[in-house]
Amino acid sequence: MTWQPHITVATVVEQDGKFLFVEEFKAGQHVFNQPAGHLEPNETLTQAALRETLEETAWDVELTGVVGIYLYTAPSNGVTYQRICFAARPLRQHPQRALDSDIVRAVWLTRDELLAAPGRWRSELVPRCLDDYLKGPLHSLELLRD
């Protein structure tokens, strides 16, 4: 068997002290995650982050920096993910836009609200990315090379 990591993107979007999350139905339960997903063929990392955020939350955002690059192996299936997490600011909501089929809803939560529900995190990367964003520093988008 060939080992192959999955490349994913995620976006921390902040507005008025709240953060944009998606509620997904995975493995029989409702869980919270940042807007996130897989890099698609012929797509840059920034394009993937903007697309996933729009598809999962109906929000256009402007990327403002790179929070971090994470390597994570899911204990449930042993799959390794490389997650590039971006920071963004919200620009415009499209309330009539349908969300991806596996998304229950987009929701704005404070850090405390997220931390109060650890059983509902998609993975430990969810609070880790949020805390890394809050602690800083943000890295320039120029770090990325297409």
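Everything quoted here is computed from the prediction, not taken from an experiment. (Residues numbered from 1 in each chain as written. Predicted model: local features only at pLDDT ≥ 70, side-chain atom pairs only at ≥ 80, totals over all residues. Heavy atoms only, no water.)

A.B. asks: Looking at this model, I keep getting lost on the overall build of the protein chain. Mind explaining?
C.D. replies: Within the protein chain one finds three helices and seven strands. Compactness check: the protein chain gives a C-alpha radius of gyration of 14 Å against a globular reference of 15 Å for 146 residues, within 12% of the reference. For the protein chain, the spread of C-alpha atoms along the principal axes amounts to about 45 × 40 × 30 Å. A burial count over the protein chain gives 43% of its 146 residues as buried. Intrachain contacts of the protein chain at a sequence separation of at least 6 include 72% that bridge at least 24 residues. Put simply, the protein chain shows about 8,200 Å² of open surface, and 50% of that area lies on carbon and sulfur atoms. Charged side chains of the protein chain number 14 positive and 20 negative; the gap between the two group centres comes to 2 Å. (Helix = DSSP H or I, 4+ residues; strand = E, 2+ residues; numbered from the N terminus. Rg over C-alpha atoms; globule rule 2.2 N^0.38 Å. Buried < 20%, exposed > 50% of the residue type's maximum accessible area, 1.4 Å probe, protein only. Contact = heavy atoms within 4.5 Å. Areas by Shrake-Rupley, 256 points an atom, 1.4 Å probe, with all protein chains shown as cover. Lys, Arg positive; Asp, Glu negative; His and termini not counted. Charge placed at Lys NZ, Arg CZ, Asp CG, Glu CD.)

A.B. asks: When you look at the pattern of salt bridges in this model, what are you seeing that I'm missing?
C.D. replies: Opposite charge on two side chains permits pairing when their charged atoms draw close. Under the defined criterion, the tally for this structure stands at 11 salt bridges. Note that Lys26 and Asp102 form a salt bridge whose closest N and O atoms lie 3.2 Å from each other. A residue pair is termed long-range when its members are at least 10 positions apart, and Lys26 in strand E2 (residues 18-26) and Asp102 in the loop between strand E6 (80-93) and strand E7 (103-109) qualify at 76 residues. On the basis of relative accessible area, Asp102 is assigned to the partly exposed category, the value being 29%. (Salt bridge = Lys/Arg side-chain N within 4 Å of Asp/Glu carboxyl O.)

A.B. asks: Sorry if this is basic, but what is going on with unusual backbone geometry here?
C.D. replies: Trans is the prevailing form of peptide bonds, just as negative phi is the prevailing case for residues other than glycine. The omega torsion across Gly136 and Pro137 is 0°, close enough to zero to call that bond cis. For Pro137, the location among the structural elements is in the segment after helix H3 (125-135).

A.B. asks: I'm lost on the UniProt feature "domain: Nudix hydrolase" (unreviewed entry) in the protein chain in this one. Help?
C.D. replies: Taking the numbering used here, the UniProt-annotated feature "domain: Nudix hydrolase" (unreviewed entry) corresponds to residues 2-131. Split by type, residues 2-131 is 19% helix and 48% strand. Its first and last C-alpha atoms lie 34 Å apart. (UniProt positions renumbered as here; feature names shortened; annotations may be inferred.)

A.B. asks: So what exactly am I meant to see when it comes to the environment of Leu144 here?
C.D. replies: Looking at the secondary structure, you find Leu144 in the segment after H3. Using a relative accessible area of 19% as the deciding quantity, one classes Leu144 as buried. When the C-alpha atoms of Leu144 and Val66 are compared, they prove to be 8.8 Å apart, with 78 residues separating the residues in sequence. Apart from residues lying up to four places away in sequence, Leu144 is in contact with Leu45, Thr46, Val66 and Phe86.

A.B. asks: Help me understand the state of the cysteines in this model?
C.D. replies: Following the criterion strictly, the structure yields zero disulfides and no others. Here Cys129 stays unpaired: no disulfide links it, and the sulfur of Cys85, its closest cysteine neighbor, is 3.8 Å away. On the basis of relative accessible area, Cys129 is assigned to the buried category, the value being 0%. (Disulfide = S-S within 2.5 Å.)

A.B. asks: Hey, could you run me through the nonpolar core in this one?
C.D. replies: Soluble globular proteins tend to bury their nonpolar side chains together. One finds Val12, Phe21 and Cys85 to be the most contacted residues of the largest nonpolar core, which totals 20 residues. Those elements giving two or more residues to this core turn out to be strand E1 (6-15), E2, strand E5 (59-73), E6, E7 and H3. Residue contributions to this core peak at five residues, all from H3. If near-sequence neighbours (up to four positions away) are discounted, Phe21 is found in contact with Asn33, Gln34, Arg105, Ala106, Val107, Leu109, Leu114, Val126 and Leu130. Ala49, Val61, Leu63 and Val66 belong to the second-largest nonpolar core, a separate cluster that totals 13 residues. (Core = buried A, V, L, I, M, F, W, Y, C linked by side-chain atoms within 4.5 Å.)

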